[in-house]
Amino acid sequence: MRNLTLLQSLHCNRWQGLGTPQCLTVRTDTGTVLVGSDLGITELDPRTEQVVKKVSLVEEAFLPDDGTGCIVGIEDLPDQESVCIATASGDVVLYNLSTNQLECVGSVDSGVTGMSWSPDQELVVLITGQETIIMMTKDFEPVTEVNIHQDEFGEGKFITVGWGKKETQFHGTEGKAAAVRKLMEIVPAVPWDDHKFRVTWRGDGQLFAVSAICPLTGSRKLRVWNRECVLQSTSELVNGLEQALCWKPSGSLIASTQRKLNKHNIVFFEQNGLLHGEFPLPFNKDQVKVQELLWNNESTVLAIWLEDLKSADEGNKDGQQNTYVQLWTVGNYHWYLKQSLHFGCERIVALMWDPENPYRLHVLCSGWCYLSYNWHWSTDRSKGDDRNDFANVAVINGDKVHVTPFRQTVVPPPMCAYQLQLPCPVNQIIFSSDPQRSNDLAVLTADDRISIYHAGDDVKQNSTIEADAVRGSGLSKHMTAPKLVKTFRINFEGEKSDSLKPLKLRFVTWVKENRFLGVFQGLTTSQSVVCQLITTSDENQEGELSIRTPVTVDRQIINLCHNHKTQTVALELSNGQILRYLWDTESTEPCVQPWRSAAGCLVQFSQPCVQIALCAIEGEEMVLGLTERFRFFINVSEVASNVTSFIVYDEFLLFTTHSHTCRCLNLRTTSLKALLNLSSTDSQPNDETVRRVERGSRIVTVVPQDAKLVLQMPRGNLEVIHHRALILAQLRKYLDRLKFKEAFECMRKLRINLNLIYDHNPKVFLENVENFLKQITSINSINLFLTELKEEDVTKTMYPYGPNSTPSVPETANKVDTICDALRTAMERINPHKYGLSILTCHVRKTTPELETALQKVHDLRVNPPSDPEAVSAEEALKYLLFLVDINQLYDHAVGTYDFDLVMMVAEKSQKDPKEYLPFLNKLKKMETNYQRYTIDKYLKRYKKAVEHLSKCGCQHFNELLNLVKDQKMYSDALKLFPAKSQEYKDISVAFGEYLIEKQCHEQAGLIFARCGDCEKALDAFLLCCSWQQAFCMAAQLHYTEDKMINMARIISGRLKEQRRYSEAALILEQYAKDYEEAIASLLEGGAWDESLRLIYKYKRTDILETNLKPSILEAHSNQMAFLDSQKTLFIHHKSRLKIVWEMKAQEGFLDEEMADGPDSDLYSEKSSLWSAGGMSSKYSHSNSRISARSSKNRRKAERKKYSLKEGSPMEDVALLQALREIICTVDKLTGEVHDLLKVLVLFGFNDLASELQQVLEGTLQLLEKSITDIWLSDAKRSTLCPVLGPDSTANSIAAALQRPISGMTAHQDDEIFVPPKLNKKVKWKLNIL
């Protein structure tokens, strides 16, 4: 649904070349034009309107001097810096544009009638006067020469397998009459055919086609040749085939023209010569003739050059023909006439598309008049922002305008809602910029007239409007269309109308009711004029548009944009600079000035943009621009380089990208910095601004206030989506304005989570609950809202706000409960009978469903039916409740109320079999109340209530209660139900203690036993956990004898020694067993030297100093020395080994990279190159996968084996780090023990031994401290210098790095292995006296 918009036009007629112009070519390197004439060639620079050079071919006798010469072909050769000219006399001339030398590279005696170069300019084809084809290379070396007229079909001749007869074959729509039809009568070419040969190449240069008059039949035939000049195919017989010929560059079709009995068609041939499609020209049968057909190099636009036939031009007194150029495009298999250029009696001598710019058309007229037109695709849409705008989109199709109001209907092209019929072809469509009249439009036609249409008429009541898609449907009753108000003729003062060139006026913009803006070329091609077109109030049928207040700009204007909100007009120049158009006032004339940003900088795009728009960002009006190469700019900054289309709607910027996404940004909440970082930021999950779309989608329009976005696919069909950002923005506006009904309907229609109604602003919602209920009158809608509630805040998860627009709303605890309570309270206050079902929903939807309350309300409805007509019955309420809640769950809750009437009511509405529940209910009714409720609670597995009710049933049921407590492990709850002095309390406590002993909780069991008075069991429990203080307390309460106490003391001390609690064992032996010698021995064994000395001197056993103490000191010294020596030796060994392992791994990684990057890298497969990284770890990884399914004991065993110190193991370096860390921690912990040992050694005169031990430990600690820096910091440095990824990484290094984290990516408890250990320097263990 796009139209061709004229961006730039050049009109040069103030120069004169040699002779009469005949042909045209374009120099792509300089932008100049080379024109061939009957006397030579002329080079023109359209930008300066200067003749660059003139080259006469008469002086070298290539052309006659009488003006009868003819150049049949001209081609610019950029690689050779030359231009090739072929004359009708047979000379092929090469003119060097650098040296200005002429060279005849070949001559054909019979003359040359045509020349055509291949698209890659490697081959050239000449058509000779003898009707032969000469093919030469770019160096003009002959390849071959063949006759054009050949009897054979070609290499692609169809093969007939001989199946069936002609009478029995399928003949399509022609029917069986085709089997007996006579051969088609051959009709000669039309009299006005120029009988010239036409040559056209396919875009890839592999094939070319030749159209020629057959000498036998006099009709035209089409032949296709390959690059070796071998005939491939010959076209079928097509009567009325004309001279025009052009191969579509994409290679699919060959275009030509055919004149039938009642119409004039453009026809398409396939490569095999068969017809494939056609479309008619909008002229009568013998009104015009087609001179040429030209495809642009993107194969999107077909240009048709037409001239009136003399026989049809009876009204022309001078006998001259009118000339036209039409631009056709195709979409959805329908051909549209997008532009029609009427040149009047100005005859065109040459027409061509620019070889580099696909939408630039060059026209050369007689009288040395040159014109150039630059086109671009654009969508003509209405510009309103409110609901009164119909979101109209208009499409040009010749003298018709296809209009579709997307607010009312979505009609895929080529259909439309209605068509506007104009008297002549349409060049431009202009929608009104007035927000109140946004559905009005103006149409600029090829006769320089503007027709004004105002909205509000019925389709069927307007004779100039033809309904299309709505014809005969009920929709046409509600369809309104614009009506023609008046037609205005543009009055170009000071110029004759017949001298005007087509499309002189461009960028016509309807800025006010009676005022237009327009742009046309100034006095020179480097100037443009911006003018205002004012309508004159005339009662006649046709009014006038007068040009007022022209403003001249010293550059070509290639774009104009008007902001209807601020009335700002922006102009874009050919160099990308932006100008601001200043309107006239009472004291000033209109003028233009450079557009400056808020910082005072000039705004200029680095590349010219074909589409621009104005919008406000952070309070500043900025210019948006999109280039032909999809680069998107905001002022001077490039935002993205993959934008295919964009539109500014209200406060939103929407654009599609090559990554098949459509982004919608809120310009009010999005900062300029965020916009400039669009290309470098990835979309986040649940990002409302991004939407995936079909490949190649482009924006057509946005329906205002409806969140409807219309996209068009490359093939032409439409897709309507509701972009999430537009939806949410509209919903937030509804909710801010407390329009709950509109928001709810929109959310239901577009499947937006209803939690947004509350989460958008919880405080406002809770304050307007009654307003919400008044707007949402449907009970079903309220219930739907309640059933969708969840604790999740959807504004943070599903529909997050923008980064700069996050509202500061306090979070509500128990969101669902809060909403349910608020709504229930409001509904009960307004009308509890009307909202009965919704009130039940509030009870059920709470975090802890209040099913009992809901059931009780249903029961009340059954017992006391309300008289309110809006109230629901108990049956309806119960049926609805069964819909919300599972029947079994509801039945259980009904039973839990102990109300058998309610249970029966629920059971009757369920699918339960009465044989299942009736015996159970009857049995319950016969029981005592407390025991009945106990049975019900036990049935419902409410054991806490069951124990509570059973405790009230008397002592006869205590055993049952005790068994229930034991089964459900409810000892603590049961103990609360009985007095502390009762027998039941004691029995439950004993059972509780036995349970704790089973769980290995001996101390807690002992406390329970002691509390209930069972000291024997408490003593046993305390003995098992070595809680000796409590054990001796229990023994005292049991009145143990002295012998029993001593015996128990020895038992406990022995167990404490096994646990290495020597000091406590010594205390028990001294105080309870009265054996101080054994106590001293225990202290010496535990290294408690000071305490042992205290007891020796307390009990005056100094003999023990020599017999036990000194030998123990010397033994401890010897053990410490040996232990330190072994730890130091082991530490040095592990450290040395770790260094070797690191060097080996570094060397392996280096060799892997050498292998991967070396000259023989291709000899190694990917699998073999990764062996070094994955081979060593494969054994462990397989074994680990088997271990994962084993028992916990085996898993712990595997964990211990994971870091093996065995040389060559895959994780040897990690195991060495772990071992070194353990040695450091062990030695560091020795300082306290060594300090005590040093003191006692000095005390008894072993100074040398003490000094020796102190020096050894100090040296060991210094070694460890120094090694920590060497080991762990170097390991960290290695990890930093060897990143997993990076520009210097290879496949092998990455694989090796990904294998190494197997050792590093361990459980959290292994992370400390890679953290450097710290020595505890706070302990003052050394003695200064040594």
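As the structure is a computational prediction, the values presented were derived from the model and not from experiment. (Residues numbered from 1 in each chain as written. Predicted model: local features only at pLDDT ≥ 70, side-chain atom pairs only at ≥ 80, totals over all residues. Heavy atoms only, no water.)

1. As for the overall build of the protein chain
Then comes step 1: The number of helices and strands found in the protein chain is 34 helices and 56 strands.
Then comes step 2: Counting the 1330 residues in the protein chain, one finds 49% classified as buried.
Then comes step 3: Sequence-distant contacts in the protein chain: of pairs separated by 6 or more residues, those separated by 24 or more amount to 53%.
Then comes step 4: Accessible surface for the protein chain amounts to roughly 65,200 Å². Of this, 49% is attributable to carbon and sulfur atoms. (Helix = DSSP H or I, 4+ residues; strand = E, 2+ residues; numbered from the N terminus. Buried < 20%, exposed > 50% of the residue type's maximum accessible area, 1.4 Å probe, protein only. Contact = heavy atoms within 4.5 Å. Areas by Shrake-Rupley, 256 points an atom, 1.4 Å probe, with all protein chains shown as cover.)

2. Brief notes about the pairing of strand 14 (residues 198-201)
Then comes step 1: The pairing of strand 14 with strand 15 (residues 207-213) spans 4 bridges and is antiparallel. Paired with Trp201 across the two strands is Phe208, which belongs to strand 15.
Then comes step 2: Following strand 14, the chain reverses through 5 residues before pairing antiparallel with strand 15; Gly205 in that reversal takes a positive phi of roughly 75°. (Pairing = 2+ DSSP bridges.)

3. Some words on the packing of aromatic side chains
Then comes step 1: Evaluated as defined, the whole model comprises 31 aromatic pairs.
Then comes step 2: Seen from their ring centres, Phe1032 and Tyr1072 are 3.8 Å apart, and the 10° between their planes marks the pair as stacked. Taken together, the residues Phe1032 in helix 22 (residues 1028-1037) and Tyr1072 in the loop between helix 24 (1062-1071) and helix 25 (1076-1085) connect sequence positions 40 residues apart.
Then comes step 3: Given the relative accessible area of 29%, Tyr1072 is considered partly exposed.
Then comes step 4: An aromatic cluster is built from Phe268, Phe279, Trp295, Trp328 and Trp335, whose rings are joined through pairwise contacts.
Then comes step 5: Sitting over the face of the ring of Trp595, Arg580 holds its NZ or CZ atom 3.8 Å from the ring centroid.
Then comes step 6: A cation sits over an aromatic face here: Lys1044 above Tyr1040, 5.1 Å from the ring centre. (Phe/Tyr/Trp six-rings, centres within 6.5 Å; stacked < 30°, edge-to-face > 60°. Lys NZ or Arg CZ within 6 Å of the ring centre and 35° of its normal.)

4. A closer look at the sheet that holds strand 47 (residues 620-626)
Sheet strands pair by backbone hydrogen bonding; their relative direction is either parallel or antiparallel.
Then comes step 1: On the basis of which strands lie adjacent, the open sheet formed by 4 strands has the order 46-47-48-49 and antiparallel pairing. The open sheet has two edge strands with one neighbour each: strand 46 (611-617) and strand 49 (637-640). In this sheet, adjacent strand axes meet at a mean angle of 30° when their direction is disregarded. (Axes fitted to C-alpha atoms, helices over the stretch in contact; angles between N-to-C directions.)

5. Section: the packing of helix 26 (residues 1089-1098) against helix 31 (residues 1212-1243)
Relative placement of two packed helices is described by the angle separating their axes and the distance separating the axes.
Then comes step 1: For the pair helix 26 and helix 31, the least separation of the axes is 9 Å and the interaxial angle reads 45°. It follows from the interaxial angle that helix 26 and helix 31 lie oblique. Between helix 26 and helix 31, the contacting residues are Trp1089, Asp1090 and Leu1093 on the first element and Asp1236, Leu1237, Lys1239, Val1240 and Leu1243 on the second. (Parallel < 35°, antiparallel > 145°, perpendicular 65-115°, else oblique.)

6. What about the nonpolar core?
Then comes step 1: If you look at the biggest cluster of nonpolar residues, it comprises 96 residues, and the most contacted ones within it are Ile988, Ile1052 and Leu1109.
Then comes step 2: Among the elements that line this core, the one with the most residues is helix 31, at 14 residues.
Then comes step 3: With near-sequence residues (within four places) excluded, Leu1109 lies in contact with Leu1084, Trp1089, Ser1092, Leu1093, Ile1096, Ile1104 and Phe1244.
Then comes step 4: Residues Leu731, Tyr734, Ala877 and Leu902 belong to the second largest nonpolar core, which totals 85 residues. (Core = buried A, V, L, I, M, F, W, Y, C linked by side-chain atoms within 4.5 Å.)

7. Comments concerning the sheet that holds strand 7 (residues 82-87)
Then comes step 1: Read across the sheet, 4 strands follow the order 6-7-8-9 without closing on themselves; strand pairing throughout is antiparallel. On the outer flanks of this sheet lie strand 6 (71-77) and strand 9 (101-107), each paired with one strand and no other. Each neighbouring strand pair of the sheet contributes to a mean axis angle of 20°, computed without reference to strand direction.

8. Details of the packing of helix 19 (residues 983-998) against helix 20 (residues 1002-1012)
Then comes step 1: Viewed as axis vectors pointing N to C, helix 19 and helix 20 meet at an angle of 165°, and their least axial separation amounts to 8 Å. If you check the angle between helix 19 and helix 20, you find them roughly antiparallel. Both helix 19 and helix 20 take part in a crossing whose hand is left-handed. Across the interface between the two elements, Tyr985, Lys986, Ser989, Val990, Phe992, Gly993, Glu994, Leu996 and Ile997 from helix 19 touch His1002, Gln1004, Ala1005, Ile1008, Phe1009, Arg1011 and Cys1012 from helix 20.
Then comes step 2: Split into classes, the residues belonging to the contact of helix 19 with helix 20 amount to 9 nonpolar, 4 polar and 3 charged. (Left-handed = near helix turned anticlockwise from the far one by under 90°. Nonpolar A, V, L, I, M, F, W, Y, C, P; charged D, E, K, R; others polar.)

9. Observations regarding the environment of Arg942
Then comes step 1: Turning to its location among the elements, Arg942 is positioned in the loop between helix 15 (929-939) and helix 16 (943-950).
Then comes step 2: Among the residues examined, Arg942 registers a relative accessible area of 21% and is labelled partly exposed.
Then comes step 3: Through-space distance from the C-alpha of Arg942 to that of Gly896 is 9.2 Å; in sequence the pair is 46 residues apart.

10. Structural notes on helix 7 (residues 779-787)
Then comes step 1: When helix 7 is considered as a whole, its buried residues turn out to be Ile779, Ser781, Ile782, Asn783, Phe785 and Leu786.
Then comes step 2: Measuring from the side-chain oxygen of the N-cap residue of helix 7 to the backbone nitrogen of Asn780 gives 3.3 Å; that N-cap residue is Ser778. (Polar contact = N/O pair within 3.5 Å; in protein donor to acceptor, adjacent residues only side chain to side chain.)

11. Digging into the environment of Gln856
Then comes step 1: Inspection of the secondary structure puts Gln856 in helix 10 (residues 851-863).
Then comes step 2: The sequence separation of Gln856 and Leu902 amounts to 46 residues, and the corresponding C-alpha distance is 7.8 Å.

12. Re unusual backbone geometry
Then comes step 1: Of note, the bond from Pro413 into Pro414 is cis; its omega dihedral lies within 30 degrees of zero at 10°.
Then comes step 2: The residue Phe630 is not glycine, and still its phi comes out positive at about 70°.
Then comes step 3: Within the fold, Phe630 resides in the loop between strand 47 and strand 48 (632-634).
Then comes step 4: The exposure class assigned to Phe630 is partly exposed, which follows from its relative accessible area of 22%.
Then comes step 5: We note that Leu738 has phi near 60°; this positive angle belongs to a residue other than glycine.
Then comes step 6: Of note, Leu738 is situated in the loop between helix 2 (724-736) and helix 3 (740-750).

13. Details of the pattern of salt bridges
Then comes step 1: Throughout the structure, instances matching the rule amount to 52 salt bridges.
Then comes step 2: We note a salt bridge from Arg220 to Asp193, for which the minimum N-O separation is 2.8 Å. Residue Arg220 is found in strand 16 (residues 220-226), and its partner Asp193 is found in the loop between strand 13 (142-147) and strand 14; the two are separated by 27 residues along the sequence. Each member of the pair, Arg220 as well as Asp193, is classed as buried.
Then comes step 3: Asp194 serves as the salt-bridge partner of Arg198, at 2.7 Å between the closest nitrogen and oxygen. (Salt bridge = Lys/Arg side-chain N within 4 Å of Asp/Glu carboxyl O.)

14. Points about helix 9 (residues 836-844)
Then comes step 1: Counting buried residues in helix 9 gives 9 out of 9 residues, a clear majority hidden from the surface.
Then comes step 2: Taken as a whole, helix 9 has its buried residues at Gly836, Leu837, Ser838, Ile839, Leu840, Thr841, Cys842, His843 and Val844.
Then comes step 3: Elements in contact with the buried residues of helix 9: helix 7, helix 8 (815-830), helix 10 and helix 11 (874-884).

15. A short note on the pairing of strand 10 (residues 112-117)
Then comes step 1: Most of strand 10 is tucked away, with 5 of its 6 residues classed as buried.
Then comes step 2: Looking at chain direction, strand 10 and strand 11 (residues 123-128) are connected through 5 bridges and run antiparallel. Each bridged residue has a counterpart across the sheet, and for Val112 the counterpart in strand 11 is Thr128.
Then comes step 3: Taking the residues between adjacent antiparallel strands as the criterion, strand 10 and strand 11 are bridged by 5 residues, where Gln121 takes a positive phi near 55°.

16. Considering the side chain of Asn755
Then comes step 1: As for its placement among the helices and strands, Asn755 is situated in the loop between helix 3 and helix 4 (756-759).
Then comes step 2: A distance of 2.5 Å separates the side chain of Asn755 from the side chain of Asn753, its partner in a polar contact.
Then comes step 3: Excluding anything up to four places from it in sequence, Asn755 contacts Glu788, Leu789, Lys790, Val794 and Lys815.

17. Comments concerning the confidence of the model for the protein chain
Then comes step 1: Taken over all residues, the pLDDT of the protein chain has a mean of 83, while the share at 70 or more is 86%.
Then comes step 2: When the criterion is pLDDT under 50, residues 1298-1309 qualifies, and its contacts beyond four places in sequence or with other chains add up to 16 contacts. (pLDDT = per-residue confidence, 0-100.)

18. Examining the environment of Ala871
Then comes step 1: Among the structural elements, Ala871 can be located in the loop between helix 10 and helix 11.
Then comes step 2: For Ala871, the contacting residues outside a window of four places in its chain are His833 and Pro866.

19. Some thoughts on the side chain of Thr535
Then comes step 1: On the secondary structure map, Thr535 appears in strand 40 (residues 528-535).
Then comes step 2: Setting aside chain neighbours within four positions, we find Thr535 in contact with Phe488, Asn514, Phe516, Glu544 and Leu545.

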